Amino acid sequence: MHDKAVYNIAVGMTLKELQDERNIDRDKLAAALETDAQSISKIEHGELRMTAGELILMIDKLDLPWDDFIKRVRAKLPEAAKMMRLSLIHISEPTRPTT
């Protein structure tokens, strides 16, 4: 079982994958979702969560069946969990004094 943060990363990875597959410009997607390109980038990198409304709008705008989206997110979970672990390791590393 994964926590919410891992799912958020997987959703962002799936969003980026769909953009690449469908040649959708980040600015155009941002306009369709009534947000800005910087927010889309943060969602792609798991730094910002999508609201339920944004998620539904995105899936609708991409003309993607829900089950396909869920399958794609689930397929990204192992990679997202690995990314999460790596970021936690990096955060928890002690700072070394510089000489």
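So, a few notes on the structure that sits alongside this text. For every chain, the first residue of the written sequence is number 1, and numbering continues from 1 onward in sequence order. Local features in a predicted model are, by the rule used here, given only for residues with pLDDT of at least 70; side-chain atom pairs are given and counted only at 80 or more, and totals for whole chains, interfaces and linings are based on all residues. The basis for every side-chain value is the complete set of heavy atoms in the structure, and neither hydrogens nor water enter the calculation.

## Focus: the layout of surface pockets
Alright, step 1. Points on a 1 Å grid, built from protein atoms alone, make a cavity when a 1.4 Å probe fits but cannot get out and make a pocket when they are open with protein on both sides within 12 Å along at least 5 of 7 lines; residues with an atom within 4 Å of a point are the lining residues. Grid points are joined across faces, edges and corners, and a volume is the space filled by probe spheres set on the points. Its boundaries defined by the atoms lining it, the largest pocket holds a volume of some 210 Å³.
Alright, step 2. For the lining of the largest pocket, the elements supplying multiple residues, two or more each, are α1 (4-22), α4 (52-61) and α5 (66-92).
Alright, step 3. Secondary structure follows DSSP: runs of H or I at least 4 residues long count as helices, runs of E at least 2 residues long count as strands, and numbering of each begins at the N terminus. Ranked by residues supplied to the lining of the largest pocket, first place goes to α5 with five residues.
Alright, step 4. For the lining of the largest pocket, a count of residues per class yields eleven nonpolar, three polar and two charged. Charged means Asp, Glu, Lys or Arg here, nonpolar means Ala, Val, Leu, Ile, Met, Phe, Trp, Tyr, Cys or Pro, and polar covers whatever is left, Gly included.

## So, the side chain of Thr14
Alright, step 1. By the element assignment, Thr14 lies in helix α1.
Alright, step 2. In this description, contact between two residues means that some pair of their heavy atoms is separated by no more than 4.5 Å. Setting aside its immediate chain neighbours within four residues, Thr14 contacts Phe69, Arg72, Val73 and Lys76.

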